[in-house]
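What follows is the residue order along each chain.
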Amino acid sequence: AGAAVAAAERQGLRFPLIVRMAGTHGGKTIGLAPGTEELEGACAGRGDYILTEFVDFVSSDGLYRKFRFFVFGKQLVLRHMLAGDSWNIHARQRLEFMARNDQVIDEEKAWFGASCRTFPSAVRDALSSIGDKLPLNFFGVDFGIDRAGQAGLFEANATMNFFPFLPDPRFDYVRQCIEPSRRALLALIGLDQSVASAS
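What you are looking at is a predicted structure, and each value in this text was computed from that prediction instead of being measured. (Residues numbered from 1 in each chain as written. Predicted model: local features only at pLDDT ≥ 70, side-chain atom pairs only at ≥ 80, totals over all residues. Heavy atoms only, no water.)

A.B. asks: Help me understand the pattern of salt bridges in this model?
C.D. replies: Where charged atoms from two side chains of opposite charge come close, those side chains can pair. In this structure the tally under the stated criterion is 11 salt bridges. We note a salt bridge from arginine 94 to glutamate 108, for which the minimum N-O separation is 2.6 Å. Of this pair, arginine 94 sits in helix H3 (residues 93-96) while glutamate 108 is found in helix H4 (residues 102-112), placing the two residues 14 residues apart along the sequence. For glutamate 108, a relative accessible area of 0% puts it in the buried group. Overlapping salt bridges bring together Asp61, Arg65 and Glu107 as one network. (Salt bridge = Lys/Arg side-chain N within 4 Å of Asp/Glu carboxyl O. Helix = DSSP H or I, 4+ residues; strand = E, 2+ residues; numbered from the N terminus. Buried < 20%, exposed > 50% of the residue type's maximum accessible area, 1.4 Å probe, protein only.)

Here's what the structure looks like:
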């Protein structure tokens, strides 16, 4: 008893804490523990757990937004901007929240027509620093932006999902990321694009 709280205290973690079962992915969290009692309850089962400090990244309009970029060498390609009314944002928000909010859909469409220069300088600097610190030529980055314009990194790794795309025609515009990603990948591996198109 008290093992989870003791572990959090040893690491200097501050509440609230996101609790996740080790070895899982895809947003499968056990929950958000606001205090010691909830933390012990969340970690009561068998197995190993991962504890992460929760940083609130809600926007001024009360929504949460998660951006995903793919990095090909020095080129960044937007994969999506998901929005929802809760902090644990994943692909299901497209149908559960975004499909009922045309304004958010229009916002995501606009991001596909924008460039990285549209982001606050603090966000651009954060993205650049991730690329400098990760010894990878290709990886994905998930992050949010808080009210103050600061970026909060969710994850960055080389095994992030690019596919699939929803068959819902309301979100066909997201497929705009495919062609620039293809071009960036070919440039990264030094393959002539005219040859690739003919093969």
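A.B. asks: When you look at the pairing of strand E1 (residues 17-21) in this model, what are you seeing that I'm missing?
C.D. replies: Two faces belong to every sheet, and in a regular strand the side chains alternate between them. As defined by bridge partners, E1 adjoins strand E2 (residues 29-33) across four bridges and the pair is classed as antiparallel. Across the sheet, arginine 20 pairs through a bridge with threonine 29, a residue of E2. Note that E1 and strand E3 (residues 49-53) share five bridges and pair antiparallel. Counterpart to valine 19 in the pairing with E3 is leucine 51. (Pairing = 2+ DSSP bridges.)

A.B. asks: Is there a simple way to think about helix H6 (residues 178-188) in this case?
C.D. replies: In an α-helix, one turn spans 3.6 residues; hence positions three or four apart end up facing the same way. Of all the positions in H6, only Ser181, Ala184 and Leu186 are classed as buried. Glycine 190 sits one or two positions beyond H6 and adopts a positive phi of about 75 degrees.

A.B. asks: Can you help me understand the packing of aromatic side chains in this one?
C.D. replies: When we look at a pair of aromatic rings, we describe it by the centre distance and by the angle of the planes. According to the stated counting rule, one finds 18 aromatic pairs in the structure shown. Relative to phenylalanine 143, the ring of phenylalanine 67 lies with its centre 5.5 Å away and its plane at 15 degrees, an arrangement referred to as stacked. Taken together, the positions of phenylalanine 67 in strand E4 (residues 64-72) and phenylalanine 143 in strand E6 (residues 138-145) put the pair 76 residues apart, joining distant regions of the chain. Here phenylalanine 67 falls in the buried class, since its relative accessible area comes to 3%. Look at phenylalanine 171 and tyrosine 173: their rings are 6.3 Å apart centre to centre, the planes differ by 55 degrees, and that puts the pair in the tilted class. Just as phenylalanine 171 is buried, tyrosine 173 falls in that class too. The residue whose ring lies beneath arginine 79 is phenylalanine 162, and the NZ or CZ to ring-centre distance is 5.6 Å. (Phe/Tyr/Trp six-rings, centres within 6.5 Å; stacked < 30°, edge-to-face > 60°. Lys NZ or Arg CZ within 6 Å of the ring centre and 35° of its normal.)

A.B. asks: What is the right way to look at the nonpolar core in this model?
C.D. replies: Within soluble globular proteins, side chains that are nonpolar generally end up buried alongside one another. With 38 residues, the main nonpolar core has Phe67, Phe119 and Phe143 as its most contacted residues. Those elements giving two or more residues to this core turn out to be E4, strand E5 (75-84), H4, helix H5 (121-133) and E6. Those residues in contact with phenylalanine 67 that sit more than four places away from it in its chain are Leu78, His80, Met81, Trp111, Phe119, Val141, Asp142, Phe143 and Ile145. Counting residues in hydrophobic clusters, the runner-up holds eight residues, among them Ala8, Leu17, Val19 and Ala33. (Core = buried A, V, L, I, M, F, W, Y, C linked by side-chain atoms within 4.5 Å. Contact = heavy atoms within 4.5 Å.)

A.B. asks: Quick question: what am I supposed to make of the sheet that holds E1 here?
C.D. replies: In any sheet, the strands associate via hydrogen bonds between backbone groups, in a parallel or an antiparallel arrangement. Spatially, the three strands line up as an open sheet ordered E2-E1-E3, and their pairing is antiparallel. Each edge of the sheet is formed by a strand with only one pairing partner; in this case those strands are E2 and E3. Sheet twist, expressed as the average angle between the axes of neighbouring strands with direction ignored, equals 20 degrees. (Axes fitted to C-alpha atoms, helices over the stretch in contact; angles between N-to-C directions.)

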